[in-house]
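Notes for the structure review
Listed below are the residues making up each chain.
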Amino acid sequence: MAGVDSRLLEVLGRASSLELLQLKGVIERMLADPKRIVPIRLNLHLGQAVRFMDWRDGRMCAGTVLAMKETQATIQEEGTRIAWSVPYTAIEPPVHTARTAAEPEAPAAPQPGRNDFRCGEKVAFEDKYLNTIVGTIVRINQRTASIDPGDGTTWRVGFPLLRHVVDI
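Worth saying up front: this structure is predicted, and the values here are computed from it rather than measured. (Residues numbered from 1 in each chain as written. Predicted model: local features only at pLDDT ≥ 70, side-chain atom pairs only at ≥ 80, totals over all residues. Heavy atoms only, no water.)

Some thoughts on the sheet that holds strand β6 (residues 132-140)
In space, the five strands of this open sheet follow the order β8-β7-β6-β5-β9, with antiparallel pairing throughout. The two strands at the open ends of the sheet, each matched to only one other strand, are β8 (155-158) and β9 (163-164). Direction of pairing for β6 relative to strand β7 (residues 144-148): antiparallel, over a ladder of four bridges. Paired with Ile-137 across the two strands is Ile-147, which belongs to β7. (Pairing = 2+ DSSP bridges. Helix = DSSP H or I, 4+ residues; strand = E, 2+ residues; numbered from the N terminus.)

A few points about the pattern of salt bridges
In total, this model carries six salt bridges according to the counting rule given. The residue Glu-92 makes a salt bridge to Arg-51 at a minimum N-O spacing of 2.9 Å. You can see Glu-92 sitting in the loop between β4 (83-87) and β5 (122-126) and its partner Arg-51 sitting in strand β1 (residues 49-53), a full 41 residues away along the chain. Its relative accessible area of 38% is what places Arg-51 among the partly exposed residues. Between Arg-59 and Glu-77 there is a salt bridge; the shortest N-O distance is 3.6 Å. One end of the pair, Arg-59, is in the loop between β1 and β2 (60-68); the other, Glu-77, is in strand β3 (residues 72-77), with 18 residues separating them in the sequence. By relative accessible area, which is 7% here, Glu-77 ends up buried. Among the charged side chains, a network of salt bridges with common partners joins Asp-54, Arg-59 and Glu-77. (Salt bridge = Lys/Arg side-chain N within 4 Å of Asp/Glu carboxyl O. Buried < 20%, exposed > 50% of the residue type's maximum accessible area, 1.4 Å probe, protein only.)

Now the structure itself:
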């Protein structure tokens, strides 16, 4: 296997099938942990060029992000134009390059504030696991809005994290 430490392969070769199966379960739980997924997902956006690992042969491929779901992204491979569903942990985190003096920084979009929202409006936001929550504003507080998603819970969310939802 390309890119795998030969010492690791030697140790795994001596493990029993049961030990390998137990290890597989541990690794799958670790890879599904939101602490590993969320940092990668936060730095991705639709149309972004990324590198991802092809699980069939372990090589890195280039592609473009087409869709982002809860645990996987759909990436169109550059050469073949085939779309793959890839777990976020198989995506190489994007490298943040320092801006040069000749490259001006884009102006930041204004953050929504208290005056941009009203009681009864439908809004959406992401929870800490990046699940989208849609609800109605039931109260406007000083720095947050109280949101009722209709499932018996209430959320207090800061205004910069909210976005308007348009019913069609």
